[in-house]
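One-letter residues, chain by chain:
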Amino acid sequence: MLKRVPQNSARVAARLLASCRSAARLVAPVQVCAAAVALVAAAAALSQPLAAQEVAGRCTTSDTLAVRGNVRVADARIRTEVGIAKGATLNFPTLQRSLKALYALGEFDDVQILCDLESVPGKVLTVVQVKERVVLGDITVTGPKAISERSVKDKIDLLIGRPIDPLQVARAKAKIDSVYENAGYYLAQVKVDSTVMSDGRIAIAYSIDEGRRLAISAIDILGNSSVREKTIVGAMKTKPEGFWFFKKGEYDDDKYVGDLGERIPGLFARLGHVDARITKDTLVVDREKGKGLVQITVDEGPQFRVGSFEIAGNRRFNTEDLRKFYPFDGNDNKTLTQRAMGLIFRTPEAPEGVFDQAKWDAALEKVNGAYRDNGYLYAQVRPVVERRFEGPDSVPVANLRWEIDEKNPAIVNRIEIVGNDFTSDDCIRRQIFLAPGGPFNQQALIRSYQSIGNMNFFEQPMPFPDYRPINEQGDVDIVFRVKEKRTGSVNFGASMGQGGVGFGGFIGLEQPNLFGLCKSGRLNWQYGRFFNDFTATYTDPALKGTRLSGALSAYRTQSRFIVGNLGQNIRTGSQFRLGLPTPWSYFSTVAVSYNAENATFTSGTILGSCSRNCFRSNVGLEYQYDTRVDMPFATQGSLRSVQMDLSGGPFGGTVNFQRVTTEMRAYAPLAQFGGGNPGSQPIKLTMGLTARSGALFGNSGPFFFQQQFAVGGVMFGQQLRGYPEFSITPQGFNPNTDQFRSDPASFGNAFMTMTGEIGLRFNQMFYFNVFADAGNNWASARQINPTRLFRSAGFGVSTVTPLGPLGLDMAYGFDRQTINIATGRLQKDPKWQFHFRLGQLF
């Protein structure tokens, strides 16, 4: 032992100790510095008696190295990290480097380097004394409810089987606290406990008491003078708690950040305060009460009014055409509805003539869209807002200008299709509304993308097409990327439901993309207690590569219901349909068809008409215009269809009649949740309107069950949910019909149905909607009266399964009736009706 250190050497040791502590604070405890100071003290002992000097001098040179205290970590690894060789001189830098290397392993809680002169006589033994960390054996998390357990565990970066670092344990606790604070749970408490396992390892448990979510008691806006506090708070998603139970005022950090970064600045920009900024925001938290106070200080800046407007650099469009996009022309370019809405929703903070940044940005996007739709893909429209203070009163005015650099129009050079391993290029190219050598058009590109998606041959969502310039003129190559999915199906099984009339079964083979050429083939056999149907259909959308389409079908069907005393009906026939393109629209089709059919009833006769082995020869004409997208559950676009069937007369057969049906559908998107970029798959909220009508002229004879109109239900006639099958008759509501039995009087010669719906489309496989139906059935077209309709409302779900399309509806029929047993008269009996749809969803 060194008995004494001279006073001056002690001061040197103290300074070195302080310096060492500063350098080694993050990697080693004080023992590191103590060892270094021991060397200083040993060096200082040179001024001491000879014996002490000899001891100190011997400790500075190592004869051999020993490791003590280690169990898991091998001696060799410790010796390698220490790096002290035999005969090495031990000084401050050497010891500091060795200690840092050992602590960097993360295996030890304590490390000391000691000098042992007694264990090996005549030798200097340098001893590395270590204390190993315990090993982590398990991690458990208890208590999370508002936040998923997985989200909490993701914040714990400890590894089972590795030594436990107390600093990492504390960091994980802090991260969990941060997660709960970001979610508004400022009262959450996280406790960390440890237990020793049977094998000596340590199990760490994070116990969470979430408490209740922080409630915002009030929001104070400071610094505002032009815009009311109520208006600012109304634009925020962060809301203070209120009287009603649903106004909880729960704090959400993501919403609050969005309020500060987007919604509040956006509000001021819409009200003309384009220079407004948030100078300070404070969240005062009372952890005992679980309440929070939000204080936001704003600097509104001046409110700018719209000044002059000019357009420069335009050549492709004249100034008057572009000025139609200008949003601040007063009421000159507004419809009556737009003017009324402007009066209703105008706020005191935004009088007429105030600059609105949101409208200005929307107008800019429309101008850019107009140029892209005309091939000017690289046109640049630079919006200029010059802030000036005019007049003696220094009125803030924003003078506006569009500076346009049109550049050259882009020409489509090549159109490539990538990823279609089975489907042919020609099949896909028929859905593309752009042509090589033609001008680029953004709307045509989007429509092509949607049309390819409507084919249902490829996985969704499809990536949006790439277009890249190929030369200095800006011509582009367009690349559509697809990924094939399984399209064919073989279905068989048993079913129980309304459409199946008890127990039944089906066997089906369908391939909508035969040979990869978009041709479709279908074989289907359905059987049950009251029916036995077989159908074979082949469709070619491009006969011999032309724009002509063709379809051929053959069928044998047995009706699923009994018609009065006539029994069941058996029909056998075939149909050929030829589709012709229209020169004025890619979305329009004209079709001509011929249908030959034989029908017979199993019992009874029809007065004055054929009832067995009756033959119908029919020529059909059809026009259809279809722009729907996101099929099979459309979210936008429209359908217009008119179909005329001419039976008998010059075409022969045992009946002579004419039949006309029309259908109109329209869809408009209301909102979208997620997936803002093309190629994504967002959840879409849409509104749809549907109207159908039809009339029959002449005598359909034994074909009344097919050619005349039955209204009610969802499976056999014209859809009217909330009412049983065949229940809406020309004589009114018939409470005695159902899916098992109808009556000749149930069929009319004219009908009208209407549907309004609001639907939520999750993807191509699942759709939920609420709807209102109305419709009626009449004996002749002259009796059609749109004011006399049977009404219903309800909700339903539709899905596409491997066994085919499936729909479930629950509807309330407002105008249902029942027979009063006492009086024998009909009386109102509104009620709910469940419907099962199989095979048709749209």
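So, how was this worked out
Residues numbered from 1 in each chain as written. Predicted model: local features only at pLDDT ≥ 70, side-chain atom pairs only at ≥ 80, totals over all residues. Heavy atoms only, no water. Helix = DSSP H or I, 4+ residues; strand = E, 2+ residues; numbered from the N terminus. Contact = heavy atoms within 4.5 Å. Areas by Shrake-Rupley, 256 points an atom, 1.4 Å probe, with all protein chains shown as cover. Phe/Tyr/Trp six-rings, centres within 6.5 Å; stacked < 30°, edge-to-face > 60°. Buried < 20%, exposed > 50% of the residue type's maximum accessible area, 1.4 Å probe, protein only. Lys NZ or Arg CZ within 6 Å of the ring centre and 35° of its normal. Polar contact = N/O pair within 3.5 Å; in protein donor to acceptor, adjacent residues only side chain to side chain. Patch = residues over 30% accessible without salt bridge, like charges linked within 9 Å, V, L, I, M, F, W, Y side chains within 5 Å. Salt bridge = Lys/Arg side-chain N within 4 Å of Asp/Glu carboxyl O. Expected span 1.5 Å × (residues − 1). Pairing = 2+ DSSP bridges. Axes fitted to C-alpha atoms, helices over the stretch in contact; angles between N-to-C directions. Arc of directions from axis to C-beta. pLDDT = per-residue confidence, 0-100. Parallel < 35°, antiparallel > 145°, perpendicular 65-115°, else oblique. Nonpolar A, V, L, I, M, F, W, Y, C, P; charged D, E, K, R; others polar.

Concerning the overall build of the protein
At step 1: The helix and strand inventory of the protein stands at 15 helices and 37 strands.
At step 2: Summarising the internal contacts of the protein: among those between residues at least 6 apart in sequence, 60% fall at separations of at least 24.
At step 3: Accessible area for the protein stands at about 43,500 Å²; split by element, carbon and sulfur atoms hold 54% of it.

A few points about the packing of aromatic side chains
At step 1: According to the stated counting rule, one finds 29 aromatic pairs in the structure shown.
At step 2: Aromatic side chains phenylalanine 317 and tyrosine 371 sit 5.0 Å apart centroid to centroid with 85 degrees between the ring planes, which places their arrangement in the edge-to-face category. Of the two residues, phenylalanine 317 is situated in the loop between β10 (305-312) and α10 (319-323) and tyrosine 371 in helix α12 (residues 357-372); the sequence distance between them amounts to 54 residues.
At step 3: With 5.4 Å between their ring centres and 15 degrees between their planes, tryptophan 360 and tryptophan 402 make a pair best called stacked. One end of the pair, tryptophan 360, is in helix α12; the other, tryptophan 402, is in strand β12 (residues 395-405), and 42 residues separate them in sequence. There is no split in this pair, since tryptophan 360 and tryptophan 402 are both buried.
At step 4: Chaining the aromatic ring pairs together yields one cluster made of Phe309, Tyr326, Phe328, Phe355, Trp360 and Trp402.
At step 5: Between the NZ or CZ atom of arginine 316 and the centre of the ring of phenylalanine 317, over which it lies, the distance is 4.9 Å.
At step 6: The lysine or arginine in question, arginine 721, covers the ring of phenylalanine 771, its NZ or CZ lying 3.6 Å from the ring centre.

Focus on the side chain of arginine 659
At step 1: Looking at where arginine 659 falls in the secondary structure, it is placed in strand β26 (residues 656-673).
At step 2: For arginine 659, a relative accessible area of 13% translates into the label buried.
At step 3: Of the polar contacts made by the side chain of arginine 659, one reaches the backbone oxygen of glutamine 707; its length is 2.6 Å.
At step 4: Each residue touching arginine 659, except ones within four places of it in the same chain, is listed here: Gln643, Met644, Asp645, Ala695, Leu696, Gln706, Gln707 and Phe709.

Concerning a nonpolar patch on the surface
At step 1: On the surface, Leu670, Met687, Ile758, Met765, Phe766, Phe768, Val770, Phe795 and Trp832 cluster together into a nonpolar patch covering about 810 Å² of accessible area.
At step 2: Relative to the helices and strands, methionine 765 is located in the loop between β31 (750-761) and β32 (766-778).

Topic: α12
At step 1: Taking 1.5 Å of rise per residue, 16 residues should cover 22 Å, and α12 covers 23 Å from first to last C-alpha, within 8% of that figure.
At step 2: Among all positions of α12, only Trp360, Ala363, Leu364, Val367, Asn368, Gly369, Ala370 and Tyr371 are buried.
At step 3: Two or three places before alanine 358, at the opening of α12, aspartate 356 has a side-chain oxygen 2.9 Å from that residue's backbone nitrogen.

Some details on the environment of arginine 171
At step 1: Considering the arrangement of structural elements, one finds arginine 171 in helix α7 (residues 166-182).
At step 2: A relative accessible area of 48% means that arginine 171 is categorised as partly exposed.
At step 3: On a C-alpha basis, the gap between arginine 171 and aspartate 157 in space is 8.9 Å, while along the polypeptide they are 14 residues apart.

Some thoughts on the environment of aspartate 116
At step 1: Relative to the elements of secondary structure, aspartate 116 occurs in strand β2 (residues 108-116).
At step 2: For aspartate 116, a relative accessible area of 13% gives the class buried.
At step 3: Separated by 57 residues in the primary sequence, aspartate 116 and cysteine 59 place their C-alpha atoms 8.2 Å from one another.
At step 4: Not counting chain neighbours up to four residues away, the residues in contact with aspartate 116 comprise Arg68, Lys123, Val124, Leu125 and Val127.
At step 5: Here the side chain of aspartate 116 touches glutamate 118 through a polar contact of 3.0 Å, landing on its backbone nitrogen.

What about the side chain of serine 98?
At step 1: Within the fold, serine 98 resides in helix α5 (residues 92-104).
At step 2: Those residues in contact with serine 98, other than ones at most four positions away along the chain, are Val82, Ile84 and Ile113.

Concerning the sheet that holds strand β6 (residues 202-209)
Two strands in a sheet stick together by hydrogen bonds in their backbones, pointing the same way (parallel) or opposite ways (antiparallel).
At step 1: The sheet built from 3 strands is open, its strands ordered β4-β6-β5 with mixed pairing. The open sheet terminates on both sides in strands that have one partner only, identified here as β4 (136-142) and β5 (189-196). Taking the axes of each pair of neighbouring strands and ignoring which way they run, one obtains an average angle of 15 degrees across the sheet.
At step 2: Across 8 bridges, the pairing between β5 and β6 is antiparallel. Bridging from a neighbouring strand, serine 194 pairs with isoleucine 204 of β6.
At step 3: Strand contacts of α7: β5 and β6, with the helix running at about 20 degrees to β6, the strand carrying the most contacts.

Focus: the environment of aspartate 165
At step 1: The residue aspartate 165 is located in the loop between α6 (149-153) and α7 in this model.
At step 2: It is 9.4 Å that separates the C-alpha atoms of aspartate 165 and valine 135, two residues lying 30 residues apart in sequence.
At step 3: Of note is the side chain of aspartate 165, whose polar atom sits 3.0 Å from the backbone nitrogen of leucine 167.

Remarks on α7
At step 1: The end-to-end C-alpha distance of α7, which contains 17 residues, comes to 25 Å, matching closely the 24 Å that a straight helix rising 1.5 Å per residue would cover.
At step 2: Those residues of α7 not exposed but buried are Val169, Ala172, Ile176, Val179 and Tyr180. Each buried residue of α7 lies within a common arc of 95 degrees when the element is viewed along its axis, so the set occupies one face.
At step 3: Along its buried surface, α7 packs onto α6, β5 and β6.

Some remarks on the confidence of the model for the protein
At step 1: Taken as a whole, the protein shows an average pLDDT of 83; of its residues, 84% reach a score of 70 or greater.
At step 2: Long-range and interchain partners of residues 1-53, a stretch whose pLDDT sits below 50, account for 51 contacts in this model, where long-range means more than four residues apart.

Quick notes on the packing of helix α4 (residues 75-82) against α5
A packed helix pair is summarised by two numbers, namely the angle formed by the two axes and the spacing between the axes.
At step 1: Here α4 crosses α5 at 135 degrees, and the two axes come no closer than 8 Å. Here α5 runs oblique to α4, going by the angle between their axes. For the pair formed by α4 and α5, the contact residues are Ile78, Glu81 and Val82 on the first element and Ser98, Ala101 and Leu102 on the second.
At step 2: Residue classes in the contact of α4 with α5 are distributed as 4 nonpolar, 1 polar and 1 charged.

Overview of the pairing of β26
At step 1: When strand β25 (residues 637-647) meets β26, the two strands line up antiparallel, connected through 11 bridges. In the sheet register, valine 642 faces β26, and the bridge partner there is threonine 662.
At step 2: As paired elements, β26 and strand β27 (residues 683-699) share 17 bridges and run antiparallel to each other. Each residue of the ladder has a partner; that of arginine 659, found in β27, is leucine 696.

A short note on unusual backbone geometry
At step 1: For the bond running from glutamine 460 to proline 461, omega is 0 degrees, close enough to zero to count as cis.
At step 2: Position of proline 461 among the secondary structure elements: in the loop between α14 (442-454) and β14 (466-469).
At step 3: A cis amide bond links methionine 631 with the next residue in sequence, proline 632, at an omega value of 10 degrees.
At step 4: Considering the arrangement of structural elements, one finds proline 632 in the loop between β24 (614-626) and β25.

Structural notes on the sheet that holds strand β3 (residues 125-132)
At step 1: Strand order in this open sheet of 3 strands is β1-β3-β2, and the pairing throughout is mixed. Of all the strands in the sheet, just β1 (64-68) and β2 have a single pairing partner and so form its edges. In this sheet, adjacent strand axes meet at a mean angle of 20 degrees when their direction is disregarded.
At step 2: Direction of pairing for β1 relative to β3: parallel, over a ladder of 5 bridges. For arginine 68, the partnering residue across the bridge sits in β3 and is glutamine 129.
At step 3: Lying on the sheet, α4 is in contact with β1, β2 and β3; it crosses β1 at an angle near 125 degrees.
At step 4: Strands in contact with α5 are β2 and β3; relative to β2, the strand with the most contacts, it is inclined by about 150 degrees.

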